[in-house]
Amino acid sequence: MTDIVLRADGLAKTFHLGFFRKRVEAVKEATFDVRRGEVFGYLGPNGSGKTTTLKMLMGLVFPSRGRAEVLGRSVPNREAKRRLGYLPESPYFYEYLSPEEFLDLVGSLFDVPRRERRLRADRLIGRVGLDHARGRPLRKFSKGMLQRIGIAQALMGDPELVVLDEPMTGLDPIGRKEIRDLMLELRREGRTVLYSTHILPDVEMTCDRVAMIFAGRIRNVGPLSELLTARLLSTEVCLRHNVGRIPPLPDGAQLRQTPDGMMVDLPEGSDVDAFLKAALASSANIISVTPRRESLEDLFVREAASDGSNRGAA
Amino acid sequence: MNRIGAIAWNTFREAVRNKILYSLLFFAVLIILSALAIGSLTLHEEIRTIRDVGLFGIDIFGVIIAIFVGVNLLYKELDLKTVYTILPKPLWRWEFVLGKWLGMLLTLAVQMAVMGLVLGIILALEGASFDAPMGKAVWLLFINVTLVTSIAVFFSSFSSPFLSGFFALGCFVVGRSVPDIRALGEKMSPSGKSALNFICSLIPNLHLFYPSGAIVGAEEVSVHRQFVGADYIVSATAYGVTYSVVVLILAMLIFRKRDFV
């Protein structure tokens, strides 16, 4: 049987805001589970309910309905928290502390002995690349540096499960790559990673499984290979046109000029072989032929559009 | 206990690195030092004036600091969102509130010790000593700020710093006037008097912590002559601590149910 480390079962949260207690359903229904040792992506456009779901799982917000279990215990549970590391969205820390002081405080909350706290803090500061800023107060840290110390504090308790809320937000491409590498490294160490994001290329590079949430409701859960349809959507043919005439285009094909020649997009069901023969006959050089299958972005946009909440796609 | 201690120590460290508190402490010391100048204007009453003005400075600045820091104690954690990082750690919410409160008391204890030390030095310069009545008076003022801090934390567990400060200050003013309010009740009808007495029993009786010049038992007590005995100190301390604990438990219960959105 697969070892489940986190389970959300019909989680929902309704807030009552303002003087007139206006009802806002932040999360309507979230059901998914995270399995031991995987990197799990929690995807959704801005405002879809990702952060509220994670806050319910972390015990920061009480669900209106449904139930959550982390590491085999109902949320909130202190024993489960001992084995859990969490990085909130756009993290804020005690700005008057240095990284060493802050990690020491976090270690104390995990009841880590003083000597071990120092060793772990020292190791983690090096691991997230903040050796040069050990003595600097956190108020002088850039956003990227804060994100790094945030990840270090999430690992201070030596957790089995690491939950990261939008860990890539505000990072430059190098920072994003480092966080991606770190997540894969955590998986290699046998830890489980759950992270929320709307940056899809990162998900394709790191996640074993994903869940998608749109307007507070989970739409898809599973491995990317299962969620993305295997069927061919179109075929892109890149031609360097030398002499002669443009080969006849099949019905529905689209042609656009490129610096090297032209790009022909053949729709699903087109006779690609016949088109290539015609192209060769008209003295065109064929540079590339690329079959295009559904990407995560296509799926995301499709789901967002069908939900009517396509504003935040990708 | 280690976790509560860590939160308390961090709260104290935050206060130590807060420049506004140093400014308040500076003004408190200035008031105490001004006792020297005011004392020199009196005829043979220098020591008495220094004691009175010094205790007034410790009292009023202790309360200002207690309200200022107390109302921000929990609100700041929510406003700066540091609570999102701390509460998912293996820590109960009540442990967090208790740790913050203890850190605040440590801060106030150090601040009052500094103010008491300055007053002691001034008295020594004038040839007097920081005697037992003064020690008892400063201890009672510390219990007073402990209670005011608890009230400020209680209000800050569900309202903004401005409102919390307003309510806490109101409690302080009314709490100090409990004997006057009771005296007012003497002039009312029996039912009015009962109602007023009931209200007075709910309001913290902060007058207990500033007894100099009041009638305790059958005698007037004063830090200059016969001050309160040990039994009074023990019962006033027990009252202050019990009231603080009850108010703090209410704050914990409210904090326990909050959504941190």
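Residues numbered from 1 in each chain as written. Chains lettered and ligands numbered in written order. Predicted model: local features only at pLDDT ≥ 70, side-chain atom pairs only at ≥ 80, totals over all residues.

Visitor: For the overall build of chain B, give the residues involved together with the corresponding values.
Guide: For chain B, the helix and strand inventory stands at 10 helices and two strands. Seen in sequence order, chain B has helices and strands lined up from the N terminus as α-α-α-α-α-α-α-α-α-β-β-α. Taking 261 residues into account, the globule formula puts the C-alpha radius of gyration at 18 Å, and chain B, at 20 Å, falls close to it. Taken across its 261 residues, chain B has 41% of its residues classed as buried. When contacts within chain B are restricted to residue pairs at least 6 apart in sequence, long-range pairs at least 24 apart make up 77% of them. (Helix = DSSP H or I, 4+ residues; strand = E, 2+ residues; numbered from the N terminus. Rg over C-alpha atoms; globule rule 2.2 N^0.38 Å. Buried ≥ 20, exposed ≤ 12 C-beta atoms within 10 Å, placed from the backbone. Contact = placed C-beta atoms within 7 Å.)

Visitor: Outline the overall build of chain A, listing residues and values.
Guide: Scanning chain A for helices and strands turns up 10 helices and 14 strands. Nonlocal contacts in chain A, meaning residues at least 24 apart in sequence, comprise 69% of its contacts between residues at least 6 apart.

Visitor: Outline unusual backbone geometry, supporting the account with residue identities and numerical values.
Guide: Note that the residue after V75 of chain A, namely P76 of chain A, is joined by a cis bond; omega there is -5°. Phi is positive for R21 of chain A, which is not a glycine, with a value near 55°. Tracing the backbone shows R21 of chain A in the loop between β1 (4-17) and β2 (22-35). The exposed category is assigned to R21 of chain A, around which 8 C-beta atoms lie within 10 Å. Of note in the backbone geometry, K81 of chain B takes a positive phi value of approximately 65° without being a glycine. Looking at the secondary structure, you find K81 of chain B in the loop between α3 (46-79) and α4 (83-86). Residue class for K81 of chain B comes out partly exposed when judged on the 15 C-beta atoms lying within 10 Å of it.

Visitor: Residue-level account of the pairing of strand β12 (residues 254-258) of chain A, with values.
Guide: All names here are of chain A. Little of β12 sits out of view: just zero of its five residues are buried. Here β12 pairs with strand β13 (residues 261-267) via five bridges, running antiparallel. Along β13, the bridge assignment pairs Q257 with M262. The loop that links β12 with its antiparallel partner β13 comprises two residues. (Pairing = 2+ DSSP bridges.)

Visitor: Pulling in residues and values, what's your account of the packing of helix α5 (residues 93-125) of chain B against helix α6 (residues 132-156) of chain B?
Guide: A pair of packed helices is characterised by two quantities: the angle between their axes and the separation of those axes. Residues and elements named next belong to chain B. Across the interface, α5 lies against α6 with an axial gap of 10 Å and an inter-helix angle of 145°. Considering only the axes of α5 and α6, their crossing is right-handed. Facing α5, whose interface residues are W101, M104, L105, L108, A109, M112 and G116, α6 presents V138, L141, F142, V145, T146, T149, S150 and V153. Split by residue class, the contact of α5 with α6 holds 11 nonpolar, four polar and no charged. (Axes fitted to C-alpha atoms, helices over the stretch in contact; angles between N-to-C directions. Left-handed = near helix turned anticlockwise from the far one by under 90°. Nonpolar A, V, L, I, M, F, W, Y, C, P; charged D, E, K, R; others polar.)

Visitor: Quick rundown of the interface of chain B and chain A? Include the residues and the values.
Guide: Every contact between the two is made by 20 residues of chain B and, on the other side, 24 residues of chain A. Secondary structure elements with two or more residues in the side of chain B that touches chain A: α1 (2-16) and α4 of chain B. Element by element, the count of residues in the side of chain B that touches chain A is highest for α1 of chain B, at five residues. When its residues are assigned to classes, the side of chain B that touches chain A shows 10 nonpolar, four polar and six charged.

Visitor: Give a detailed account of the domain arrangement of chain A, specifying residues and quantitative values.
Guide: You'll often see interface size given as the accessible area lost when the parts meet. In terms of domain boundaries, chain A breaks down into domain 1 (4-227) and domain 2 (232-293). Computed from C-alpha coordinates alone, the two centres of domain 1 of chain A and domain 2 of chain A are separated by 46 Å. (Domains from an automatic or database assignment.)

Visitor: Please give an account of the packing of helix α8 (residues 178-186) of chain B against helix α9 (residues 190-202) of chain B that cites residues and values.
Guide: Residue and element names in this part refer to chain B. Interhelical geometry of α8 versus α9 gives an angle of 165° and a closest axis separation of 8 Å. What the angle tells us is that α8 and α9 run roughly antiparallel. In the crossing of α8 with α9, the sense of the turn from one axis to the other is left-handed. Residues V178, I181, R182, L184, G185 and E186 of α8 form the contact with α9, whose own contacting residues are G192, K193, L196, N197 and C200. (Parallel < 35°, antiparallel > 145°, perpendicular 65-115°, else oblique.)

Visitor: An account of the confidence of the model for chain B is requested, with residue identities and associated values reported.
Guide: All names here are of chain B. When pLDDT is averaged along chain B, the result is 88, and 97% of the positions lie at 70 or above. Of all helices and strands in chain B, the one with the weakest mean pLDDT is strand β1 (residues 215-216) (67), whereas α4 scores best (94). ipTM for the predicted complex: 0.84, alongside a pTM of 0.85. (pLDDT = per-residue confidence, 0-100.)

Visitor: Just give me the short version of the nonpolar core, but keep the residues and values in it.
Guide: As a rule of thumb, soluble globular proteins bury nonpolar side chains together. Of all hydrophobic cores here, the largest spans 141 residues; its most connected members are L57 and V163 of chain A together with V148 of chain B. Among the elements that take part in this core, α6 of chain B stands out by supplying 15 residues, more than any other. Setting aside chain neighbours within four positions, we find V148 of chain B in contact with V63, A66, I67, A168 and F172 of chain B. V264, L266, F275 and A279 of chain A belong to the second-largest nonpolar core, a separate cluster that totals seven residues. (Core = buried A, V, L, I, M, F, W, Y, C linked by C-beta atoms within 7 Å.)

Visitor: Tell me about the pairing of strand β8 (residues 192-197) of chain A, residues and numbers included.
Guide: Residues and elements named next belong to chain A. Among the six residues in β8, six count as buried, and that is most of the element. In β8, alternate side chains face the same way, and those of T192, L194 and S196 on one face and V193, Y195 and T197 on the other are all buried. Where strand β7 (residues 161-165) lies against β8, five bridges are found, and the strand directions are parallel. The residue bridging V163 from the neighbouring strand is L194, located in β8. Note that the unit made of β7, helix α6 (residues 173-188) and β8 has a crossover that is right-handed. (Right-handed = clockwise from strand over helix to strand, strands pointing away.)

Visitor: Explain the confidence of the model for chain A to me, and be specific about the residues and the numbers.
Guide: Model confidence for chain A is summarised by a mean pLDDT of 88, while 95% of its residues fall at 70 or above. Note that residues 310-314 of chain A has pLDDT below 50 and, in this model, 16 contacts with residues that lie over four places away or in other chains.

Visitor: Pulling in residues and values, what's your account of helix α5 (residues 143-155) of chain A?
Guide: For α5 of chain A, with 13 residues, the first-to-last C-alpha span of 19 Å sits near the 18 Å given by 1.5 Å per residue. The complete set of buried residues in α5 of chain A reads Q147, R148, I149, G150, I151, A152, Q153, A154 and L155 of chain A. Turning to α5 of chain A, the residues buried within the fold contact β6 (84-87), α3 (99-109), α4 (114-127), β7 and α6 of chain A together with α4 of chain B. (Expected span 1.5 Å × (residues − 1).)

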